[in-house]
Amino acid sequence: MALVLVGGCGPGGEPTVAADVENPSASRPPVVEHGAAPSSTPSPESPKPTPAVEPEPPPPNAEPAELRLALYGRCGVLGVSTLGGQTFVHYDGGGMNHLERMDERGGVAESFGFTETLDVGYGTLENSTIRGLRGRWPEQPYLLVDFPAREYYYRSLYRLADGSWKRVALLPTSVDYEEVWPWSKGVILALVTDDEHDVWPRFAVVRGEPKGPSLERVRRRGKCDQWDFDVRDVHPHGDGGLTALVRCGGALLATWAPGEREPTVQKLGPNDHRGTLMLGEDGQGFIALDSGIHQWRSGALQPVPSPDGGKLDEVDRGPDGEPWIRQGNVVSRWTAGGWQRAMELPEGPPIHGIYGLDVGTPWLRRGDDSLSMQTADGTWHAVSLSATPDLDKVPKPEVLDVVGPGDVWLTSRYWKMAKGKKHVGREMGALYTTRPVDAPRACGEVPS
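What counts and how
- Residues numbered from 1 in each chain as written.
- Predicted model: local features only at pLDDT ≥ 70, side-chain atom pairs only at ≥ 80, totals over all residues.
- Heavy atoms only, no water.
- Helix = DSSP H or I, 4+ residues; strand = E, 2+ residues; numbered from the N terminus.
- Buried < 20%, exposed > 50% of the residue type's maximum accessible area, 1.4 Å probe, protein only.
- Contact = heavy atoms within 4.5 Å.
- Areas by Shrake-Rupley, 256 points an atom, 1.4 Å probe, with all protein chains shown as cover.
- Polar contact = N/O pair within 3.5 Å; in protein donor to acceptor, adjacent residues only side chain to side chain.
- Disulfide = S-S within 2.5 Å.

**Points about the overall build of the chain**
A tally of helices and strands in the chain yields one helix and 34 strands. Counting only residues that meet the buried cut, the chain has 43% of its 448 residues in that class. For the chain, the share of sequence-separated contacts (at least 6 apart) that also reach a separation of at least 24 residues comes to 43%. Total accessible area on the chain stands at roughly 25300 Å², and carbon and sulfur atoms take up 50% of it.

Shown next, in the form of structure tokens:
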């Protein structure tokens, strides 16, 4: 930072020199009018102080990361959800379901218990598992909950109202809520099924206008039976439009314009059974299919060949929504001029997956369950897990979530044997995070 020395200047810009004459006003105090305070306003010639320059904060992956143990023990199904810039952890413990909003240190900022039961006609289901938090936070939070039955499970939807969970009772209990999305103008849209009554999958508006988009034209175009009809991916548009990938006698792409009940349906390739939508708020962007990546613009699908025409091992979204692909150890990203090599991954065991490309802090998981992360200088660093207090063995990684730049959560499982018994034990869970956890908690333990 430059150091600037400031001195007084005369009208011509030259330094002023004090004249060797008597200054009549220098020997007497200034005249102040009655009731007025002396002015503290600097003269126009007074120099203005140079504003301090704040140093730029280091990038979130400036240093190698550490995964710290946050939760462990009898956690049941352990998961992480993000909503409205907040991170939530949900698990079973202490005889009830827990949903916890986490603070910046990986502790509990707010806790929501779930103890609801479900009456299904022939009895009441008491055991449940939280699948995830959906909707909008904090004004429209919805909870997807599974209730296991005899040979089936019921997937119900609950909304948070006045501090407690209320079941969304717009549809019969037999209706399963497969997924829920926030749509435009405060609308909450759900994909529902009802196998008990042989009802085809359909969209339902949970909150907002009474009519949702229809899938009838998609069924007619695909000519498949009910059990072959599968909605693979859905992308709501900011303007009220919708795009969906559907399997029905092949792969179909359906698009709804704002306010339309029936979609425009386009058949995809015969081998495009799986796909991922990578679209923006306007419904334009890219679609990753079994046949490769395609650009979707103004109702037209244009193939985007891979850099060398080879197979794609993995596809993900970058920070600006653009596609990134992995071919072996090489990761490339799409730019306006085509594919550009972004990074080369270090040699090692087979790669299980690369994560965090969308937030600019890449993590890597390999087939041997080893973990590593890339710092801002491009160097890869191994990241290890610590053992839980009730076991001297490191748990097996399960799901890695990079929820923000440098903000990582990892769920894991381990098996704890009963004392004195070699073949009797219980499956346990553990949760790790890069946030600076003060101390790990046992699942179900009330935070102090």
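Past the structure itself, the notes keep going.
**Things to note about the side chain of Arg326**
Tracing the backbone through its elements, the reader meets Arg326 in strand E24 (residues 323-327). Here the side chain of Arg326 touches Gly328 through a polar contact of 2.9 Å, landing on its backbone oxygen. Once residues lying within four places of it in the same chain are set aside, the contact partners of Arg326 are Leu312, Asp313, Glu314, Val331, Leu345 and Ile351.

**With respect to the state of the cysteines**
Summed over the entire model, instances satisfying the criterion amount to two disulfides. A sulfur-sulfur distance of 1.9 Å marks the disulfide that ties Cys75 to Cys443. Here the S-S torsion is close to 85 degrees, and the disulfide linking Cys75 with Cys443 is therefore right-handed. Of this pair, Cys75 sits in the loop between strand E1 (68-73) and strand E2 (79-83) while Cys443 sits in the segment after strand E34 (441-442), placing them 368 residues apart in sequence. Of the two residues, Cys75 and Cys443, neither departs from the other in class, the shared state being buried. Two residues share a disulfide in this structure: Cys224 and Cys248, whose sulfurs sit 2.0 Å from each other. With the S-S bond torsion at -105 degrees, the cross-link from Cys224 to Cys248 turns out left-handed. You can see Cys224 sitting in the loop between helix H1 (216-222) and strand E15 (230-236) and its partner Cys248 sitting in the loop between strand E16 (242-247) and strand E17 (251-256), a full 24 residues away along the chain.

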